[in-house]
Amino acid sequence: MTDAKNETPQEPIGFIGLGNMGAPIAERLAAWPGGLIVGDVRPDATVDGAVRAESPAEIASSATIIGITVLNDEQVEAVVSGPAGILETAREGTVVVVHSTIGPQTAIDLEAVCAAKGVALVDAPVSGGAQGAKQGRLAIMVGGDREAYLRIKAPYSLVSDMLVHAGPIGAGTKMKLARNLLHFISFTATTEAARLAEAAGIDLVKLGKVVRHTDAITGGAGAIMLRDTAAPIARDDFWYDVFDHVRELGEKDLGLALDLGAAVGVDLPLTALSLDRFADGLGVGEEKEDV
């Protein structure tokens with residue numbers, strides 16, 4: 001088959017790892033005109049419309065773009081460079097796309113191993129969960145050679161509506177770790193807020209509806225990620241007044257939440273830490289006053 005726009009052959013895409021996250025990604029890639037070849041350690045795992053292979057090496061003998069969604073660093077290394085791995089048969093110019101969240105140094109080391117054989121490797125962790133994959137709305141953060149990033153854009157447009165070149169190899173993983181740091185710290189904060197609300201007699205289901213409603217409008221925590229640096233903000237900078245206003249609102253409400261916690265007997269350690277560090281974190285700490 002050929003791409004009518006670019007008049008270049010469309011080869012099959014390879015995909016390895018059909019678990020909770022990998023399966024919906026592969027299901028989207030199955031619509032690629034060149035076809036899809038899949039592999040998994042489970043002998044019965046496959047997706048509709050795909051051809052199943054018995055090893056990563058078998059996939060690499062046909063596909064020159066190969067996605068990987070397996071459990072951890074060790075499994076990624078085995079799939080890429082182990083026995084019957086991708087590098088046993090991969091042709092020069094093949095791009096290996098690692099979606100598993102691995103250590104940045106693992107990605108850097110594997111990229112060097114692949115490069116010695118003329119194969120590009122990019123670390124491309126995803127955000128959006130299985131539901132985002134099913135909808136074709138994943139954010140994919142790609143670290144590695146820009147030409148390799150450009151090569152995967154066409155097939156991965158089936159999976160992602162936000163494919164970002166994060167930087168050199170390892171940058172995709174670093175971006176994912178920063179994104180998930182926010183994600184899981186906010187989950188911990190959610191549990192603290194829920195304990196406070198419950199002790200104060202608030203219906204948690206109704207509170208949850210309010211949170212989801214307003215976050216959909218404001219963007220949640222991502223709403224303050226507006227600057228290209230985390231450095232302190234100069235007083236004559238446009239953003240100073242914006243973030244100073246956020247500081248005033250935040251410090252007031254965090255202080256009131258601590259007062260409520262004391263009144264209902266709920267310890268709020270994250271709230272106290274947030275109040276202490278809020279102004280400095282926003283970059284307006286030099287103006288912070290006691291609350």
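In the block above lies the structure referred to throughout.
Everything numeric here is computed off the predicted structure, so don't read it as measured data. Here the residue numbers are simple positions, counted from 1 along each chain's written sequence. Where local features are concerned, this predicted model is filtered to residues with pLDDT of at least 70; where side-chain atom pairs are given and counted, the filter is 80 or more; whole-chain, interface and lining totals use all residues. Remark: hydrogens and water are excluded; side-chain values derive from all non-hydrogen atoms of the structure.

### Focus: the packing of aromatic side chains
Piece 1. Aromatic rings from Phe, Tyr and Trp, taking only the six-membered ring of Trp, are treated as a pair when their centres fall within 6.5 Å; an angle between ring planes under 30 degrees marks them as stacked, one over 60 as edge-to-face, and anything in between as tilted. Using the criterion set out here, one finds 3 aromatic pairs in the structure.
Piece 2. Between the aromatic rings of F184 and F187, the centroid separation amounts to 5.6 Å while the plane-to-plane angle is 90°, which identifies the pairing as edge-to-face. Of the two residues, F184 and F187 are both situated in helix α7 (residues 171-199); the distance of 3 residues between them amounts to about one turn of the helix.
Piece 3. Aromatic ring contacts, followed pair by pair, group F238, W239 and F243 into a single cluster. Think of it this way: any DSSP run of H or I at least four residues long counts as a helix, any run of E at least two long counts as a strand, and we number them from the N terminus.

### Overview of the nonpolar core
Note on soluble globular proteins: their nonpolar side chains tend to be buried together.
Piece 1. The nonpolar core is taken to be a set of buried Ala, Val, Leu, Ile, Met, Phe, Trp, Tyr and Cys residues, with the residues joined through side-chain atoms within 4.5 Å. Buried, partly exposed and exposed residues are distinguished by accessible area as a fraction of the type maximum, computed with a 1.4 Å probe on protein chains only: under 20%, between the cut-offs, and over 50%, respectively. If you look at the biggest cluster of nonpolar residues, it comprises 29 residues, and the most contacted ones within it are F15, L36, I140 and Y156.
Piece 2. Among the elements of the structure, β1 (13-16), α1 (22-29), β2 (36-39), β5 (95-98), β8 (138-143) and α6 (146-156) are those that each provide at least two residues to this core.
Piece 3. Sort the elements by how many residues they give to this core and α6 lands first, with 4 residues.
Piece 4. Counting residues in each nonpolar core, the second largest holds 24 residues, with A60, I68, V96 and L110 among its members.

### Structural notes on the environment of A116
Piece 1. Along the chain, A116 falls in the loop between α4 (104-115) and β6 (120-123).
Piece 2. Considering only alpha carbons, one finds A116 and V41, 75 residues apart in sequence, at a separation of 27 Å.

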